[in-house]
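One-letter residues, chain by chain:
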Amino acid sequence: MVDSKLKSYIHLVNFIADFLGPNYEVVLHDVRNINNSIIAIKNGHISGRKVGGPLADLSFKHIKENRNSDKKYLLLYGKTKDGRQLKTSTYFIRNEKEDIIGLLGINTDISNFVELKKQMENFINYGGNNIVEDREEEHFESSIEDIMDSIINEVITDSRTSIERMDHLEKIEITKKLNLKGVFLIKGSVAKVAEELKTSEATMYRYIKQVSK
């Protein structure tokens, strides 16, 4: 059952998309149903998503970080499953208690501009170092399981220590990073992380409790 306040945003999805044109995807999420959060979308060919799809990976982190903030929206960069670069924006929809209940997103493919920028930098900085920008990127996957696996694999890979060689402190650090990214908001994530870290679910719950203090 879609919240009445979120229903009032559905007409905006078509309005904004029709105004901006086919190169802009507009999507409305109900964050209380993370497995099937997309309740309206226009120009879904941009990210390959459709109604009934899940939240993007960074959405969990942003919801967790901004539950008690006064931020109204975020301006981000993202990547489609096939690697195309997106420029994205996310507007937080809150209820009367100021809880985040939905997200209104606008995404546009900027891959051609990114490639052009690289070519210009190579030309301008001929013989020198290319400019490297350090920024977070949101990734859009086709299922909540794909999103969960993507975040877990990224964090474990970044640790640069094999699971077999990790001590409990390193595993706690990975748990902390996953918690900050909002992974444990996803159903089944504790069991999945426990399996990846080769530990028990009971131990994982102790780790989560420790990093949540």
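Residues numbered from 1 in each chain as written. Predicted model: local features only at pLDDT ≥ 70, side-chain atom pairs only at ≥ 80, totals over all residues. Heavy atoms only, no water.

Describing the overall build of the chain
As a reminder of what qualifies: Numbered from the N terminus, helices here are DSSP runs of H or I no shorter than four residues, and strands are runs of E no shorter than two. Only protein chains enter the accessibility calculation, which uses a 1.4 Å probe; a residue whose area is less than 20% of its type maximum is buried, one above 50% is exposed, and one in between is partly exposed. Contacts are assigned to residue pairs with any non-hydrogen atoms lying within 4.5 Å of each other. The convention is simple: Lys and Arg are positive, Asp and Glu are negative, and His and the chain ends are not counted. A single reference atom marks each charge: NZ on Lys, CZ on Arg, CG on Asp, CD on Glu.
Scanning the chain from terminus to terminus reveals 7 helices and 6 strands. Listed N to C, the secondary structure of the chain is α-β-β-α-β-β-β-α-β-α-α-α-α in terms of helices and strands. Over its C-alpha atoms, taken along the principal directions, the chain stretches across nearly 60 × 55 × 30 Å. Looking at the chain residue by residue over its 213 residues, the buried ones come to 43%. Contacts in the chain between residues at least 24 apart in sequence constitute 55% of all its contacts with a sequence separation of at least 6. Considering the chain, the positive charge centre built from 32 side chains and the negative charge centre built from 32 side chains are found 3 Å apart.

Notes on a nonpolar patch on the surface
We apply this condition: Each patch is built from residues that are more than 30% exposed by relative accessible area and take part in no salt bridge. Like charges join if they lie within 9 Å; nonpolar side chains (Val, Leu, Ile, Met, Phe, Trp, Tyr) join within 5 Å. What sets the accessible areas is the Shrake-Rupley method with a 1.4 Å probe; for residues, cover comes only from the shown protein chains. One speaks of a salt bridge when a side-chain nitrogen belonging to Lys or Arg is within 4 Å of a carboxyl oxygen belonging to Asp or Glu.
Taken together, the side chains of Leu116, Met120, Phe123 and Ile124 make up a nonpolar region of the molecular surface, amounting to roughly 490 Å² of accessible area. Topologically, Leu116 is positioned in helix 3 (residues 111–124). We classify Leu116 as partly exposed; its relative accessible area is 45%.

Some details on the side chain of Asn95
Quick note on the threshold: Pairing of N or O atoms within 3.5 Å defines a polar contact, subject to two protein rules: one partner must be a possible hydrogen donor and the other a possible acceptor, and residues neighboring in sequence count only if both atoms are side-chain atoms.
Counting through the fold element by element, Asn95 comes out in the loop between strand 4 (85–94) and strand 5 (100–109). With relative accessibility at 17%, the residue Asn95 sits in the buried group. Within the structure, Asn95 has its side chain in polar contact with the backbone nitrogen of Lys97 (distance 2.9 Å). Only 2.9 Å separates the side chain of Asn95 from the backbone nitrogen of Asp99, close enough to count as a polar contact. Those residues within four positions of Asn95 in sequence are excluded, and the remaining contacts are Lys5 and Ile101.

Some remarks on the environment of Ile106
Inspection of the secondary structure assignment puts Ile106 in strand 5. For the pair Ile106 and Ile174, spaced 68 residues apart in sequence, the C-alpha separation works out to 31 Å. Not counting the four nearest positions on each side in its chain, Ile106 is found in contact with Ile16, Leu20, Tyr24, Glu25, Val26, Lys87, Thr88 and Ser89.

Observations regarding the environment of Thr80
Among the structural elements, Thr80 can be located in the loop between strand 3 (73–79) and strand 4. The exposure class assigned to Thr80 is buried, which follows from its relative accessible area of 5%. Along the backbone, Thr80 and Asn35 are 45 residues apart, and their C-alpha atoms lie at a distance of 18 Å. Those residues within four positions of Thr80 in sequence are excluded, and the remaining contacts are Ile46, Ser47, Leu86 and Phe140.

What about the nonpolar core?
Heads up, the rule is: Nonpolar cores are built from buried Ala, Val, Leu, Ile, Met, Phe, Trp, Tyr and Cys residues. Side-chain atoms within 4.5 Å join them into one set.
One finds Leu178, Leu197 and Met204 to be the most contacted residues of the largest nonpolar core, which totals 33 residues. Here this core takes 7 residues from helix 4 (residues 144–159), the largest share from any one element. Among residues more than four places away in sequence, those in contact with Leu178 are Ile151, Ile152, Val155, Val183, Phe184 and Val193. With 12 residues, the next largest nonpolar core counts Ile16, Ala17, Ile101 and Leu104 among its residues.

What to know about the environment of Glu196
For Glu196, the location among the structural elements is in helix 6 (residues 189–196). Excluding its chain neighbours within four sequence positions, the residues that come into contact with Glu196 are Ile152, Ile156 and Ile163.

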